[in-house]
Amino acid sequence: MNKTQNETFAREMVLLSGKAKMRTERKFTSVNDRLSTFLTPHGSKMALVQRSQNIFQKFIRSIPGITLAAWVAVGFATISTNASAADLTDVNKIVNKANLAAFYSGADGRAETRMQIVDSQGRKQTRQFTILRRDYINDGKDGGDQQYLVLFSYPSDIRGTLFLVEKHPGGDDDRWLYLPGLDLVKRIASGDKRTSFVGSDFFYEDVSGRGLSEDHHKLIETTDKFYVVLNTPKNPSNVEFVNYQVWIDKKTFMPVKTEYTDNAGKIYRRIEALQVKTIQGFPTATRMKVSNLRTGGYTLNEMRFISYDLGMPADIFSERSLRNPPRQWFKRPAAK
Amino acid sequence: MKNLSYILLIASLIFSTIQLVGAEEPALPDTLKEVTAEGEWADDDWGEAPWAEESTQQKSPWHGFIQGDFGQFLDSNNPTEKNQSLAEVRGRLENSWYFGDSYIRIKADLVADAVTENLHGSFREAFWNGSPTSSIDLRIGRQILTWGTGDLVFLNDLFPKDWQSFFAGRDMEYLKAPSDSIRLTWYNNRANIDLVWTPFFEPDIYITGERFSYYSPVENAIVAAPPELAVDQLGNDLNNDLGNGEAALRLYQNIGNYEWAIYGYRGFYKMPEGFNPSSGHTYFPRMNSLGASLRGPLSAGIINTEFAYHQSVDDKNGTDPWIPNSEWRFLLGYEQELMRHLTLGVQYYLETISDYQNLIESSPSPETEPSESRHTVTLRLTYLTMQEKLRWSLFSFYSPNDHDAYVIPSVNYRYSDHWSFETGANIFMGDQLHTFLGQLQKNDNLYMRATYRF
């Protein structure tokens, strides 16, 4: 049954049911509320996002005077295309939710992070830092601009170094580096976001997210656990990959595995979320691994002492904080 | 109706469970277990970075490094006493103590120096930092101060620099010498205000002939110690010589993603550029400065521009040949990542002497006076390899009209979280002896350094 047929069927059902529009719409809302609660068992911002963006709701609302019977018809139609009724089919919605789940939990967040960088000969380096992140909520769109402040604490040669980012998805980020030994606030060319983050196998883009508008997205498979999305860059000359495939957990929308393919058709880079914990209702990748399959090197990334929605003010993401890191926010919160 | 929707959900679940699973499908991450130390995630495996140790915790342990530096002059005709530009072992200890929002920070160095043949300890930083109000930060004590937009070119940054360290190839942080100052910063929506008062004048650490040779206009030759350059120091008695301090001001703010700043300075030339013909000594003439800068993104890079006017207070019309004339300075710079791991920075820097005609007419040796305008082009290339553990760097200054240059190639290898090694060279070139860089041309040196950090 195609969309036109669905709509015709729906209209017929409307005529048959003859119920008042207002009343039925209210019912749909309650059904959809339950549906989104099912998708995200934790009462969170994500549930709100899903509520407002639910594909069924939007589809139904686009049809005047529709009834619940029509929704049932649509539901069966979806099932008949061999996917779950709860599944999303719009790839843009899927990648948008995945982006929000991976990089936009809460209005702000704090985490202590350490990376172990292992080269092809097994030699190890460590980086330890605390990240503060704040979303611009007032711009009216989640998934929009963000602020990051990163304070390095180990090893000792980068201890006290700070990194400040104003992230503009789809545009160039503004980045500053503070070198305490010289009291120098250095502005960094945003340039290539696909370069190593502090010498690790993570790229800047892996840490703060890749603009959704930079790739074409294609839902290539929906399994019982995952949406499998193939992403092809709109501007291939800007990146080192031909495409990358992401496995997105259907329940949490967490990107669980990402594999990058080069122009020889080989997978050469893999990012995995090896542990996801739910923190304040937000699924959070607390252990991640990036593997460089060409060299055999890899980087482990572990986050602890994570908290969201701390109420960070915008002005702590400023030059002032580079010289005087705001202890109130960097300090590890007391154990609950 | 409610039941119907449940049926739908159950049906959809059944449909999805019986669907075939792709071969490459990942295992769902472990969402159930608490974080426990296991395998390569175990705490022991992360070396010396246990979670408990955080810079932001109340008590922070001592950190620092031990560093060995060795530098050899390449020109056997260099008149310096020693053939080494560097031969030292340096120990550093640093710590911070927090009292609510304020803190005290100490960074102390102990250096055994075979070039100057002494052992000396000094505080690199020793200050108290606090916020008397929510919008004011105050830092009192010995501190490193930097502002301005230039890359190794300073127009409005008139805080002390250690040129001896820079020319010898010590770690880059030693280019900035500390000041005993009070810094007050007031943050507000219109323009943040930085005010730095340095009660006792802090000159640059300049070339005296002890470690490096220089051009002497008196002897019209490149000379070195002994004797050291004779410099009359400023009186530094707070009761009598309060006016011998320095005051520096900066107003700054962002407009969109561009940063603007206005700078002011009242103090002295940072190097002994004045000459007293009766005593034969050099000294620090008075100097005031005013300037501005702008920095922000352009294309895929960062552009910066800055200007400054250095007013020679005691020789405003430029007729005194023993005191430098006032000067305009202008800078335009651009930095961009050329390709992955390779960054290019270029700068054009102009110094123009005011009332140049007066200088030439009054000068006893007009032929060795600097040219009216000195044009300088700088180039920085940085290339990172081996997971950024190996850093190749080239910085060069070149003046097309003075025909002199300074090239600094270096390679830094970060062997581990503790050990790093660097080697490089400082190469000076010049057609003439009296130009800014030409006077250093016998000081070419090769240096190497090993650092253990803890």
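In this convention, every chain numbers its residues from 1, walking through the sequence in written order. For naming, the first written chain is A and the first written ligand is 1, with later ones following in the order written. Selection of residues for local features in this predicted model requires a pLDDT of at least 70, selection of side-chain atom pairs for listing and counting requires 80 or more, and totals for whole chains, interfaces and linings are taken over all residues. Side-chain measures were taken over the full set of non-hydrogen atoms in the model, leaving aside hydrogen atoms and water.

1. Quick look at the overall build of chain A
Okay, so step 1: Secondary structure elements follow DSSP: runs of H or I of four or more residues count as helices, runs of E of two or more count as strands, with numbering from the N terminus. Along the backbone of chain A there are nine helices and 13 strands.
Okay, so step 2: Expressed as a percentage of its 336 residues, the buried residues of chain A come to 60%.
Okay, so step 3: Contacts are assigned to residue pairs that have any heavy atoms within 4.5 Å of one another. Considering only intrachain contacts with a sequence separation of at least 6, the fraction spanning at least 24 residues in chain A is 49%.
Okay, so step 4: Note that accessible areas follow from Shrake-Rupley with a 1.4 Å probe, and for residues the cover is restricted to the protein chains shown. As displayed, chain A offers around 13400 Å² of accessible surface, 55% of which is attributable to carbon and sulfur atoms. Only protein chains enter the area calculation, which uses a 1.4 Å probe; residues under 20% of their type maximum are buried, those over 50% are exposed, and those in between are partly exposed.

2. Re the overall build of chain B
Okay, so step 1: Of regular secondary structure, chain B possesses three helices and 23 strands.
Okay, so step 2: Counting the 454 residues in chain B, one finds 48% classified as buried.
Okay, so step 3: Long-range pairs, those at least 24 residues apart, make up 56% of the contacts in chain B with a sequence separation of at least 6.
Okay, so step 4: By element, 60% of the accessible surface of chain B is carried by carbon and sulfur atoms, the whole surface being about 21200 Å².

3. Observations regarding the pattern of salt bridges
Okay, so step 1: Each reported salt bridge corresponds to a side-chain nitrogen of Lys or Arg within 4 Å of a carboxyl oxygen of Asp or Glu. Across all of its chains, the model carries 56 salt bridges over all chains by this definition.
Okay, so step 2: Between Asp417(B) and Arg127(A) there is a salt bridge, with the nearest N and O atoms lying 3.8 Å from each other. Of this pair, Asp417(B) sits in the loop between strand S21 (404-414) and strand S22 (419-430) while Arg127(A) sits in strand S2 (residues 124-135), placing the two residues on different chains.
Okay, so step 3: A residue is classified by how much of its surface remains accessible, and Arg127(A), at 6% relative accessible area, is buried.
Okay, so step 4: A network of salt bridges, in which partner residues are shared, links Glu88(B), Arg90(B), Arg92(B), Glu94(B), Asp109(B), Arg124(B), Arg170(B) and Glu173(B).

4. Considering the confidence of the model for chain B
Residues and elements named next belong to chain B.
Okay, so step 1: Every residue carries a pLDDT, the predictor's confidence in it, which falls somewhere between 0 and 100. Looking at chain B, pLDDT values average 89 and 87% of them are 70 or higher.
Okay, so step 2: Between residues 11-23, whose pLDDT stays under 50, and residues either more than four places distant or in other chains, the model counts 18 contacts.
Okay, so step 3: Note that residues 54-58 has pLDDT below 50 and, in this model, 20 contacts with residues that lie over four places away or in other chains.

5. Digging into the packing of aromatic side chains
Aromatic ring pairs are defined here through the distance separating the ring centres and the angle between the ring planes.
Residue and element names in this part refer to chain A.
Okay, so step 1: Side-chain rings of Phe, Tyr and Trp, where Trp is taken by its six-membered ring, are said to pair if the distance between their centres is within 6.5 Å; with planes under 30 degrees apart they count as stacked, over 60 as edge-to-face, and otherwise as tilted. As enumerated under the stated definition, the model contains 37 aromatic pairs over all chains in all.
Okay, so step 2: Judged by centre distance (5.3 Å) and plane angle (55°), the rings of Phe 129 and Phe 152 are tilted. In this pair, Phe 129 sits in strand S2 while Phe 152 sits in strand S3 (residues 146-154), placing the two residues 23 residues apart along the sequence. For the residue pair Phe 129 and Phe 152, the accessibility class agrees, reading buried in each case.

6. Examining the side chain of Thr252(A)
Okay, so step 1: Among the secondary structure elements, Thr252(A) is positioned in the loop between strand S9 (243-249) and strand S10 (255-261).
Okay, so step 2: Engagement of the side chain of Thr252(A) in a polar contact is seen with the side chain of Asp249(A), the distance being 2.8 Å. Identification of polar contacts relies on pairs of N or O atoms within 3.5 Å, with a donor-acceptor requirement for protein atoms, meaning one able to donate a hydrogen and the other able to accept it, and with residues adjacent in sequence counted only if both atoms are side-chain atoms.

7. Structural notes on the environment of Gly122(A)
Residues and elements named next belong to chain A.
Okay, so step 1: Relative to the helices and strands, Gly 122 is located in the loop between strand S1 (108-118) and S2.
Okay, so step 2: Its relative accessible area of 39% is what places Gly 122 among the partly exposed residues.
Okay, so step 3: For the pair formed by Gly 122 and Gly 296, sequence separation is 174 residues and the distance between their alpha carbons is 9.0 Å.

8. Looking at the sheet that holds strand S13 (residues 274-276) of chain B
All names here are of chain B.
Okay, so step 1: At least two bridges found by DSSP between two strands is the condition for calling them paired. The strand order S10-S14-S13 describes an open sheet built from three strands, whose pairing is mixed. The outermost strands of the open sheet, each flanked by one partner alone, are strand S10 (231-232) and S13.
Okay, so step 2: As paired strands, S10 and strand S14 (residues 281-283) are joined by two bridges and run parallel to one another. Bridge pairing in S14 places Val 231 opposite Thr 282.

9. Let's talk about the side chain of Glu302(A)
Okay, so step 1: Position of Glu302(A) relative to the elements: it lies in strand S13 (residues 298-308).
Okay, so step 2: We classify Glu302(A) as buried; its relative accessible area is 0%.

10. Side note on empty space enclosed by the protein
All names here are of chain A.
Okay, so step 1: Here a cavity denotes grid points, spaced 1 Å and computed from the protein atoms alone, that fit a 1.4 Å probe unable to get out, and a pocket denotes an open set having protein on both sides within 12 Å along at least 5 of 7 lines; residues with an atom within 4 Å of a point are the lining. Grid points are joined across faces, edges and corners, and a volume is the space filled by probe spheres set on the points. If you walk through the whole model with that rule in mind, you get nine cavities of 30 Å³ or more.
Okay, so step 2: Lining of the largest cavity is provided by 50 residues; of these, Ala 102, Phe 103, Asp 206, Val 207 and Met 288 occupy positions nearest its centre.
Okay, so step 3: Residue contributions to the lining of the largest cavity peak at six residues, all from helix H6 (residues 91-103).
Okay, so step 4: For this scheme, ten residues count as nonpolar: Ala, Val, Leu, Ile, Met, Phe, Trp, Tyr, Cys and Pro. Four count as charged, namely Asp, Glu, Lys and Arg, and the remainder, Gly too, count as polar. Class assignment of the residues belonging to the lining of the largest cavity gives a composition of 31 nonpolar, 10 polar and nine charged.
Okay, so step 5: When its volume is computed, the second largest cavity comes out at roughly 110 Å³.
Okay, so step 6: The wall of the second largest cavity is formed by Tyr 148, Val 150, Phe 163, Val 165, Asp 173, Arg 175, Lys 193, Phe 197, Tyr 204, Val 207 and Ser 208.
Okay, so step 7: For the lining of the second largest cavity, the elements supplying multiple residues, two or more each, are S3, strand S4 (162-167) and helix H7 (204-208).
Okay, so step 8: Sorting elements by how many residues they give to the lining of the second largest cavity places H7 first, with three residues.

11. Comments concerning the nonpolar core
As a rule of thumb, soluble globular proteins bury nonpolar side chains together.
Okay, so step 1: Only buried Ala, Val, Leu, Ile, Met, Phe, Trp, Tyr and Cys residues count toward a nonpolar core, and they belong to the same one when joined by side-chain atoms within 4.5 Å. Phe129(A), Phe163(A), Phe197(A) and Ile248(A) are the most contacted members of the largest nonpolar core, which has 38 residues in total.
Okay, so step 2: In terms of residues, this core owes the most to one element, H6(A), which gives five residues.
Okay, so step 3: Apart from the residues lying within four places of it in its own chain, the contact partners of Phe197(A) are Met115(A), Phe129(A), Phe152(A), Phe163(A), Phe202(A), Phe203(A), Tyr204(A) and Val207(A).
Okay, so step 4: Grouped together as the second largest cluster of nonpolar side chains are 26 residues, Phe167(B), Ala168(B), Ile207(B) and Leu440(B) included.

12. A short note on H6(A)
Residues and elements named next belong to chain A.
Okay, so step 1: Under the convention used throughout, the expected extent of a helix is 1.5 Å for every residue step, that is, one less than its residue count. A rise of 1.5 Å per residue sets the reference length of H6, with its 13 residues, at 18 Å; its end C-alpha atoms lie 18 Å apart and thus fit the reference within 8%.
Okay, so step 2: H6 sits mainly inside the fold: 10 of its 13 residues count as buried.
Okay, so step 3: All of the buried residues along H6 are Val 91, Lys 93, Ile 94, Val 95, Lys 97, Ala 98, Asn 99, Leu 100, Ala 101 and Phe 103.
Okay, so step 4: Measuring from the backbone nitrogen of Asn 92 back to the side-chain oxygen at the start of H6 gives 2.9 Å, which picks out Asp 90 as the cap.

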